[in-house]
Amino acid sequence: MAKFLLTAVFCSTDRFGSRFIQDNIATATPDEKAMVFVEIIPHVAELVIDAFANYVVQKAIEVGDLDQKIRIAEELDGNIIMCIDDQNANHVVQKCIECMPQEHVLFIYQNIYGHVVELSAHQYGCRVIQRVLEYCNHPSIQKNILSEIMEQIYWLAKDQYGNYVVQHLLQHGARPLRSAIIKTFAGRVVGMSRGKCSSNVIEKCLIHGDYEEKQLIINEVFSSGGEPDALTVMVGDPFANYVVQKVMETCDDWQRQMILRRLKTYLGELSSNAYGRHIVAPLMKLIQTGGKRTSVRSQLIDSCGKLETRPRQLAVTEQTKFRPLSHLLVPVRQARNIGHDAEVLEPD
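Residues numbered from 1 in each chain as written. Predicted model: local features only at pLDDT ≥ 70, side-chain atom pairs only at ≥ 80, totals over all residues. Heavy atoms only, no water.

Colleague: Provide a residue-level description of the overall build of the protein, including the pertinent values.
Modeller: On a plain count of helices and strands, the protein comes out with 25 helices and 0 strands. When each of the 348 residues of the protein is scored for burial, the buried share is 51%. Considering only contacts in the protein between residues 6 or more positions apart, those separated by 24 or more positions represent 72%. Accessible area for the protein stands at about 16400 Å²; split by element, carbon and sulfur atoms hold 51% of it. (Helix = DSSP H or I, 4+ residues; strand = E, 2+ residues; numbered from the N terminus. Buried < 20%, exposed > 50% of the residue type's maximum accessible area, 1.4 Å probe, protein only. Contact = heavy atoms within 4.5 Å. Areas by Shrake-Rupley, 256 points an atom, 1.4 Å probe, with all protein chains shown as cover.)

Colleague: A description of the packing of helix α15 (residues 162-172) against helix α16 (residues 175-184) should follow, citing residues and the corresponding values.
Modeller: α16 packs onto α15 with a crossing angle of 130 degrees between their chain directions and a minimal axis gap of 8 Å. By the angle between their axes, α15 is oblique relative to α16. The crossing of α15 and α16 is left-handed. Across the interface between the two elements, V166, L169 and L170 from α15 touch L177, R178, I181 and I182 from α16. By residue class, the composition of the contact of α15 with α16 is 6 nonpolar, no polar and 1 charged. (Axes fitted to C-alpha atoms, helices over the stretch in contact; angles between N-to-C directions. Parallel < 35°, antiparallel > 145°, perpendicular 65-115°, else oblique. Left-handed = near helix turned anticlockwise from the far one by under 90°. Nonpolar A, V, L, I, M, F, W, Y, C, P; charged D, E, K, R; others polar.)

Colleague: Outline the packing of aromatic side chains, supporting the account with residue identities and numerical values.
Modeller: What the rule picks out here adds up to 0 aromatic pairs. One cation-aromatic arrangement involves R188 over Y154; the distance from NZ or CZ to the ring centre is 3.9 Å. (Phe/Tyr/Trp six-rings, centres within 6.5 Å; stacked < 30°, edge-to-face > 60°. Lys NZ or Arg CZ within 6 Å of the ring centre and 35° of its normal.)

Colleague: Give a detailed account of the nonpolar core, specifying residues and quantitative values.
Modeller: Taken as a class, soluble globular proteins show a tendency for nonpolar side chains to be buried jointly. One finds I145, I149, V166, I181 and F185 to be the most contacted residues of the largest nonpolar core, which totals 92 residues. Setting aside residues no more than four positions away along its own chain, I145 makes contact with I112, Y113, V116, V132 and L133. (Core = buried A, V, L, I, M, F, W, Y, C linked by side-chain atoms within 4.5 Å.)

Colleague: Residues and numbers for the environment of D229, please.
Modeller: Here D229 is to be found in the loop between α19 (211-222) and α20 (230-235). For the pair D229 and R262, spaced 33 residues apart in sequence, the C-alpha to C-alpha distance is 9.0 Å.

Colleague: So what's going on with helix α3 (residues 15-25)? Which residues, and what values?
Modeller: Structural remark: α-helix, 3.6 residues per turn; residues separated by three or four positions point the same way. Among all positions in α3, only G17, S18, I21, Q22 and I25 are buried. Angularly, the buried residues of α3 cover 135 degrees about the axis, an arc narrow enough to put them on a single face. Exposed residues pointing more than 90 degrees away from the buried face of α3 are listed as R15 and F16. Its side-chain oxygen placed 3.0 Å from the backbone nitrogen of F16, D14 serves as the N-cap of α3. (Arc of directions from axis to C-beta. Polar contact = N/O pair within 3.5 Å; in protein donor to acceptor, adjacent residues only side chain to side chain.)

Colleague: Can you lay out the UniProt feature "repeat: Pumilio" (unreviewed entry) in the protein for me, pointing to particular residues and giving the numbers?
Modeller: The feature "repeat: Pumilio" (unreviewed entry), as annotated in UniProt, sits at residues 39-74, 75-110, 111-147, 148-183 and 220-261 in this numbering. Secondary structure within residues 75-110 divides into 64% helix and 0% strand; the distance between the first and last C-alpha atoms comes to 16 Å. (UniProt positions renumbered as here; feature names shortened; annotations may be inferred.)

Colleague: For the environment of N144, give the residues involved together with the corresponding values.
Modeller: Tracing the backbone through its elements, the reader meets N144 in helix α13 (residues 139-151). For the pair N144 and V116, spaced 28 residues apart in sequence, the C-alpha separation works out to 9.4 Å. Of note is the side chain of N144, whose polar atom sits 3.4 Å from the side chain of Y113.

Colleague: Describe in detail helix α9 (residues 89-99), supporting the description with residues and values.
Modeller: Of all 11 residues in α9, 8 are buried; the element is thus mostly enclosed. Taken together, the buried positions of α9 are occupied by A89, N90, V92, V93, Q94, K95, C96 and I97.

Colleague: Hey, could you go over the confidence of the model for the protein for me, with residue numbers and the actual values?
Modeller: Considering every residue of the protein, the mean pLDDT works out to 81; 76% of them sit at 70 or more. The low-confidence segment residues 295-309, where pLDDT is below 50, has 30 contacts with residues more than four positions distant or belonging to other chains. Confidence over residues 330-348 falls short of pLDDT 50; this stretch has 35 contacts with residues more than four positions distant or in other chains. (pLDDT = per-residue confidence, 0-100.)

Colleague: I'd love a proper account of the packing of helix α12 (residues 125-135) against α13, names of residues and values included.
Modeller: Where α12 meets α13, the closest approach of the two axes is 10 Å, and the angle between their N-to-C directions is 135 degrees. Overall, the two elements α12 and α13 adopt an arrangement that is oblique. Handedness of the crossing formed by α12 with α13: left-handed. Between α12, through I129, V132 and L133, and α13, the contact on the second element is made entirely by Q142, I145, L146 and I149.

Colleague: Now, about the pattern of salt bridges: what can you tell me, with residues and values included?
Modeller: Between side chains of opposite charge, pairing is possible as soon as their charged atoms come close. The tally for this structure, following the rule as stated, stands at 8 salt bridges. With a shortest N-O distance of 3.6 Å, R19 and D23 are connected by a salt bridge. Of the two residues, R19 and D23 both sit in helix α3, 4 residues apart, roughly one turn of that helix. Given a relative accessible area of 46%, R19 falls into the partly exposed group. In this structure, the salt-bridge partner of R194 is D237, at a minimum N-O distance of 3.1 Å. Here D237 lies in the loop between α20 and α21 (240-250) and R194 lies in the loop between α17 (189-193) and α18 (198-208), a separation of 43 residues in the sequence. Residue classification places R194 among the partly exposed positions, given a relative accessible area of 44%. Through salt bridges that share partners, K59, E62, K95 and E98 make up one connected network. (Salt bridge = Lys/Arg side-chain N within 4 Å of Asp/Glu carboxyl O.)

Take a look at the structure:
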């Protein structure tokens, strides 16, 4: 094994060699691990962009001692944006954030300052931003990053990649932050519900918001803005109908009765609509039960045979293809001081 590990750089770029090193480095002796690190550290910048070798670097970050982890991370310093832009290297950046004390990855945060929104709307950058939000608990760093996100939270909610960052905040963020996000969407619920990406965000608001915040969204769905009203339009929409389904799961009994009254006159029209049919079956169940409160999820399953769910990974043909981050590979502007107390911007 020792002889094999001495060729770690060469073997890492091979499918089977990469797997062998990953399987054995965790149980290797300290001397054997040291041999691997001595060989791969000078080549980290090349290995992280390789389809197979990047997994070896990730595993080394997991099992190495702190000094070894620091030496690997140092090899990435100055190339963070390029690594985030790479389909393989971005996973190594994520692993550094997950496995290393944050005081040793400050250079990652300093490199993304000023570019948080752009990275959040990037195919790979959105993953890195989520890891930062998940693992970094430094108050000033969090404030700096959240401040940039909140400035463009509405735009990110509609973006094909940025919406995942917004969903992450709604699911894992502190309650004041969730409230600030949901209030930003007030008055825009119907339009966002009809968006391929933003409809997922509105569903997350209904799942993770408190009672008052849910009512803010539900009341907007019930608002009447002419004929047909918002609810009827949403029921027949390819994306908003899923929001209506979520409303039916989270609303009060009297609100469910209001849905029943609003849509009874449109049952025939909805039955002929490919998306409206998702709502007709549970509505018929409500009519049969007199609108009594039962599990709406059970109604959907009992009436339709299975709960209608939207594919999570939809082709976003109308979105502009994501730009590479190569335009950011210029000297990054002077990073803000880590101790700078940037306030999270509250929505108007």
